[in-house]
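Analysis of the macromolecular model
Below are the chains, spelled out letter by letter.
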Amino acid sequence: MSDSYLKRLVESFESRADRVAMRIVGDDSHVYTFRESLAQIRAVAYRLEQEGITPGDRVVVMGENHPHWAIAYLGTLYCGAVCVPIDPHGEIGTVANFFQNSEAKFAFIDQPQIERLAQITASLGREIPSVAWGGDETSFHEWTSTPVPDEFAQRTPTFAGDDLALLIYTSGTTGTPKGVPLTHGNILAELNGINRVLRLSDKEKILSLLPLFHAYLQIVNLWVATTYGCEVGYLKELSPAELGNAMREFKPTILTTVPRLWYLFHKKIFDAVEEKPRAVQTLFKTLLAANALSRDAFGTNLGHKLFAKVHESFGGNLRVAISAGSRFDEDVARDFHRLGFNILQGYGLTETSGAATATYETDNRIGSVGKPMYNAEIKIDNPDNDGVGEVLIRGEMVFSGYYKNPEANAEVFTPDGWFRSGDLGRLDKDGHLYIVGRAKDVIVLPSGKNVHPEDIEVHYLKAPYVEELAIIGINDNSAKHAGAEKLVAVVVPDFEYLKQAKIANSREIIRYTLDDLGRELPEYQRVREYLIRAAPLPRTATRKIKRFELKRLIESGSLNGLVKEDKSWTLDENDSNLLASPTGIAVTTALRQQMKTDEAIHPDMNLEIDLGLDSLARAEAFAALEHAFSTEFTPDEAANALSVRGVAELVARVAANSGSNGSAGEVSLNWSHILKETAGMDKIVRPVLRRRPLFRTFAWLVYKCFYAFSRIFMRLEVAGRENLYAMDTRRAETGEAFLICPNHQSYIDAFLISSTYPHRVFSNIFHVGTSGIFQGKFMEFVAKMLSVVPVDPDMQLMKAMKAGAIGLRAGKILNIYPEGERSYDGHLHEFKKGAAILATELGLPILPVAIDGAHKVWPRGTYRLRPAKVKITFGEPIFPNPAFKDKGRADASDYAALIEQLRTNIRQMIDQMRTHP
């Protein structure tokens with residue numbers, strides 16, 4: 001017979017009968033030679049014929065990855081039936097739609113699908129015969145061990161060319177499903193193309209990491225592996241531990257996966273390097289550069305020797321890796337290239353039988369998805385000024401049209417037979433294709449610029465704290481023309497990574513990190529709105545983000561703020577006892593004072609995700625508990641208490657160690673009482689209270705030199721000094737201190753503002769700064785020069801507030817930054833109310849200070865200083881409203897009103913500075 005996929009399969013299996021074809025790694029009971037596999041394939045094909053399945057009939061395969069999945073698939077093709085691979089985790093309604101549309105007559109399933117199949121057949125109103133593997137495997141084992149007549153076994157399948165082999169569904173939640181029929185000829189065309197790209201042999205070992213229902217894995221694990229005689233390894237379960245064990249035991253030569261997994265590998269490798277001493281980090285970077293030079297200039301890859309431990313973590317024998325499914329970040333690809341890995345990329349769709357383009361080992365251009373494969377043609381339709389247009393594909397691997405869907409076919413084929421991919425791309429002068437995104441996902445901004453979300457997502461996914469991220473275009477009602485959109489990021493944090501890093505509030509660290517990454521993008525591509533989501537992003541069966549669903553949820557208001565995972569919280573006896581204990585009552589009381597809803601509290605609720613506490617609310621709850629139990633939590637203890645149960649256990653442990661026996665006093669943030677109880681704080685604050693006239697004068701002169709430098713390098717302009725002098729005179733006459741509150745744009749802010757102070761102000765100024773910054777001898781000296789009390793205000797709020805109160809009562813001037821973090825672009829962030837609490841409770845004025853331009857001099861994420869114009873304006877003082885005294889004590893509304901007035905005044909000063917450059 002003429003060449004065909006099944007002919008190649010039979011010849012491959014018979015020529016290497018005693019070699020291993022498939023195995024479950026780590027499970028010796030599931031190892032199959034090519035002889036055994038071919039016998040089982042024939043047995044399945046024979047039994048299908050006995051069941052009345054004829055060529056062209058549809059047979060579903062639905063289950064988790066397993067050698068039996070492959071046997072069922074190949075047995076179906078062997079008898080001439082059409083295999084319908086289906087996502088085992090698809091929604092029942094969607095899967096039932098696939099069964100109905102395909103007219104399925106039989107199904108191979110694993111044990112977990114038995115109940116789901118019953119629901120599907122009930123909705124269809126007809127029974128579908130099935131055979132299951134897994135569990136005791138009685139049913140499927142009986143099929144695969146069926147004796148096959150010699151006449152059937154010796155008969156080579158003749159199915160080829162236009163004979164239908166597969167029906168793969170790409171969508172179909174509602175309406176007519178999009179079933180992609182692929183022929184035996186399509187499979188052969190894809191294999192012929194791959195044959196020109198990869199230098200494969202039967203020595204290859206392929207580790208299966210993606211679901212087999214996806215066409216991408218069928219190409220590699222089934223089409224390629226069977227015809228080239230490669231060994232395929234399946235995991236018992238897809239977990240980090242099992243993956244690591246499989247790498248070491250199986251030692252794959254080929255890995256096929258999607259970019260996201262390579263990003264996780266990359267993060268693990270480079271995070272481990274960051275934990276090493278500085279000398280090791282420097283050596284690592286030097287070796288990376290050396291291997292890059294060796295590979296690019298001389299064609300010699302030293303990666304296996306220079307980075308032996310890294311390669312051993314992949315089994316030590318990895319020859320080539322194949323990535324497909326979405327854009328691959330160029331920086332990550334470049335790093336793996338420098339580490340000595342060969343990662344090839346392919347581009348295609350189910351409609352093109354998989355890859356239509358690919359990069360070659362000898363022509364692997366980073367950022368590109370390669371050139372057209374053998375017998376494939378690519379062209380760009382209606383390219384714009386940048387050469388970007390829709391990618392059109394033509395060739396023997398392209399399908400003939402969607403199954404029973406003429407409307408869709410009319411849309412995806414041009415009159416002259418080109419398939420419209422729906423992807424936007426461009427070709428370079430050498431014919432390499434670059435994909436920039438999906439046409440339907442393009443976001444049009446008010447400026448008229450087009451944004452491709454996949455491009456931006458690849459960049460923002462570099463953030464180590466992010467598990468998943470989607471950029472969505474939302475209607476911008478403030479835009480001048482209709483139809484314009486703004487960028488919103490929906491982010492799923494990597495909670496395990498955050499926990500290991502002892503970061504309690506994901507929302508703030510993610511916003512801070514993504515803002516930093518945004519600085520590397522053009523202004524119009526930066527995201528300014530973030531929605532944190534606990535549940536995974538909604539995805540299609542092929543793992544593509546359901547952008548329209550996210551867009552609908554955001555615009556309907558269902559996805560605003562911090563989105564919880566949908567859970568059903570039930571209390572068992574131990575949970576109820578914990579909440580009813582004195583410690584539990586104290587903890588829930590403290591948390592309820594910060595919650596914005598009255599919903600029931602469960603011990604396993606996350607403080608941020610489930611209770612909605614931001615970093616300040618969390619800190620205030622901990623401060624109330626510290627005050628109530630007359631104790632103190634360390635920053636690490638507070639950071640690791642992420643749930644209600646964790647807080648209760650922390651309080652019980654610390655309270656018992658302090659001798660309070662779990663009994664609580666008043667569980668509320670009575671700042672008036674808290675700021676009066678400063679016992680034990682003297683040692684922390686003493687350095688800034690001590691008179692050191694000679695050192696202060698020396699430091700002041702140093703700052704004056706810096707001021708002179710700033711007038712030249714930064715063209716520094718200072719306005720409103722009369723307000724500062726007036727406040728200093730008032731302090732000298734009355735002995736009453738005041739607070740100086742600037743906005744925060746850069747690390748250089750404190751140096752700039754301090755350099756403008758007269759000697760008397762400078763001699764009496766002090767700061768309460770984040771302790772993590774002022775570590776090491778040099779930074780300790782900087783803290784001394786700035787008169788800093790190093791405390792972590794996010795984790796030790798009560799201590800930070802008491803330190804500020806002690807210094808202010810001693811007549812010192814507190815310099816405090818209400819934003820709590822630097823702005824990456826000069827826009828004001830939310831102000832925290834610590835300054836307002838101190839001013840209100842102590843009856844002291846606040847001197848607002850606006851600084852602008854410092855973020856350009858010393859931007860976040862870099863140590864390089866750049867010349868830029870900086871302006872500083874001292875505003876008129878703000879006095880707290882004494883009306884709260886009529887209520888007996890101040891409350892949150894009093895603090896909020898004062899801090900909002902401060903933010904408004906600073907914003908107005910910045911606007912005025914920018915209006916008059």
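Here, the structure is the one placed above.
First things first, this report covers the structure right here in the doc.

A closer look at the side chain of Thr-873
Its place among the elements puts Thr-873 in strand β32 (residues 871-874). Other than its neighbours up to four places away in sequence, Thr-873 contacts Ala-719, Pro-848, Val-849, Ala-850, Met-909 and Met-913.

Remarks on the pattern of salt bridges
All chains considered together, the criterion is met by 45 salt bridges. Arg-760 is the salt-bridge partner of Asp-728, the closest N and O atoms lying 2.8 Å from each other. Here Asp-728, found in helix α29 (residues 721-734), pairs with Arg-760, found in helix α31 (residues 759-764); they are 32 residues apart in sequence, far enough to count as distant. Among the residues examined, Asp-728 registers a relative accessible area of 5% and is labelled buried. For Arg-730, the salt bridge goes to Glu-736, with nearest N and O atoms at 2.6 Å. Each of Asp-329, Glu-330, Asp-331, Arg-334 and Lys-462 takes part in a single network of salt bridges with overlapping partners.

Some details on the sheet that holds strand β17 (residues 389-395)
Taking strand neighbours across the sheet as the criterion, the four strands line up as β16-β17-β18-β19 in an open arrangement whose pairing is antiparallel. Of all the strands in the sheet, the pair left with one neighbour each is β16 (376-381) and β19 (433-438). The sheet shows a mean angle of 50 degrees between the axes of neighbouring strands, direction not considered. Across four bridges, β17 lies against strand β18 (residues 419-427) in antiparallel orientation. Note on β18: the bridge partner recorded for Leu-392 is Arg-420.

Digging into the sheet that holds strand β12 (residues 320-323)
Across the sheet, which stays open at both edges, the nine strands sit in the order β2-β1-β10-β9-β11-β12-β13-β14-β15 with mixed pairing between neighbours. Either end of the sheet is taken by a strand with one partner, and the two such strands are β2 (27-33) and β15 (371-372). When strand β14 (residues 354-358) meets β15, the two strands line up antiparallel, connected through two bridges. By the bridge assignment for β15, Ala-358 is matched with Lys-371. Lying on the sheet, helix α3 (residues 67-78) is in contact with β1 (20-24), β2 and β10 (231-234); it crosses β1 at an angle near 135 degrees.

Quick notes on the side chain of Glu-390
Mapped onto the elements, Glu-390 comes out in strand β17. For Glu-390, the residues in contact, after removing those within four places along its chain, are Lys-379, Ile-380, Asp-381, Arg-420, Ser-421, Gly-422, Asp-423 and Leu-424.

Remarks on the nonpolar core
Counting residues in each nonpolar core, the largest one holds 89 residues, and the members touching the most others are Tyr-5, Leu-48, Tyr-73, Leu-77, Phe-108, Leu-166 and Trp-223. Aside from chain neighbours lying at most four places away, what touches Trp-223 is Tyr-5, Tyr-73, Leu-166, Leu-182, Ile-187, Glu-190, Leu-191, Gln-218 and Ser-353. Core analysis: the second largest hydrophobic core is formed by 74 residues, Val-587, Met-681, Ile-806 and Ile-910 among them.

Quick notes on the packing of aromatic side chains
What describes a pair of aromatic rings is the distance from one ring centre to the other and the angle between the planes of the rings. Following the criterion strictly, the structure yields 32 aromatic pairs and no others. Where Phe-709 meets Phe-713, the ring centres are 5.1 Å apart and the plane angle is 15 degrees; that geometry is what we call stacked. Of this pair, Phe-709 and Phe-713 both sit in helix α28 (residues 693-713), four residues apart, which is roughly one turn of the helix. Overall, Phe-709 belongs to the partly exposed group, its relative accessible area being 39%. Pairing Tyr-757 with Phe-874 gives two aromatic rings, centres 6.5 Å apart and planes at 50 degrees, and the pair type is tilted. Residue Tyr-757 is located in the loop between α30 (749-755) and α31, and its partner Phe-874 is located in strand β32; the two are separated by 117 residues in the primary sequence. Grouped by ring-pair contacts, the aromatic residues Tyr-703, Phe-706, Phe-709, Phe-713, Phe-751 and Phe-762 constitute a single cluster. When the ring centre of Tyr-707 is taken as origin, the NZ or CZ atom of Lys-704, which lies over that ring, is 5.3 Å away. Note that Arg-822 overlies the ring of Tyr-747, its terminal NZ or CZ placed 3.7 Å from the centroid.

What about unusual backbone geometry?
Look at Lys-251: it is not a glycine, yet its phi comes out positive at around 55 degrees. Tracing the chain through its elements places Lys-251 in the loop between α10 (240-250) and β11 (254-257). Positive phi is not limited to glycine here, since Asn-375 has a value of about 70 degrees. Here Asn-375 shows up in the loop between β15 and β16. Looking at Asn-375, the relative accessible area reads 35%, which means it is partly exposed.

Points about the state of the cysteines
Scanning all chains against the criterion turns up zero disulfides. Just so you know, Cys-83 is unpaired, no disulfide at all, and the nearest cysteine sulfur is the one on Cys-79, 10 Å from it. Exposure remark for Cys-83: the relative accessible area of 0% places this residue in the buried category.

Some words on the environment of Pro-88
Tracing the chain through its elements places Pro-88 in the loop between β4 (82-85) and α4 (92-102). Sequence separation between Pro-88 and Pro-880 is 792 residues, and the spatial gap between their C-alpha atoms is 63 Å. Beyond its immediate chain neighbours, meaning those up to four positions away, Pro-88 contacts Met-62, Gly-63, Glu-64, Gln-113, Arg-116 and Phe-213.

Observations concerning helix α20 (residues 547-555)
Within the sequence span of α20, burial applies to Arg-547, Leu-550, Lys-551, Leu-553 and Ile-554. The buried residues of α20 occupy one face: seen down the axis, they fall within an arc of 165 degrees. What points out from α20, more than 90 degrees from its buried face, is the exposed set Phe-548 and Arg-552. Buried residues belonging to α20 abut α17 (453-460), β22 (466-475), β23 (485-493) and β24 (529-533). Following α20 by one or two positions, Gly-557 has its phi on the positive side, about 85 degrees.

Conventions we followed
- Residues numbered from 1 in each chain as written.
- Predicted model: local features only at pLDDT ≥ 70, side-chain atom pairs only at ≥ 80, totals over all residues.
- Heavy atoms only, no water.
- Helix = DSSP H or I, 4+ residues; strand = E, 2+ residues; numbered from the N terminus.
- Contact = heavy atoms within 4.5 Å.
- Salt bridge = Lys/Arg side-chain N within 4 Å of Asp/Glu carboxyl O.
- Buried < 20%, exposed > 50% of the residue type's maximum accessible area, 1.4 Å probe, protein only.
- Pairing = 2+ DSSP bridges.
- Axes fitted to C-alpha atoms, helices over the stretch in contact; angles between N-to-C directions.
- Core = buried A, V, L, I, M, F, W, Y, C linked by side-chain atoms within 4.5 Å.
- Phe/Tyr/Trp six-rings, centres within 6.5 Å; stacked < 30°, edge-to-face > 60°.
- Lys NZ or Arg CZ within 6 Å of the ring centre and 35° of its normal.
- Disulfide = S-S within 2.5 Å.
- Arc of directions from axis to C-beta.

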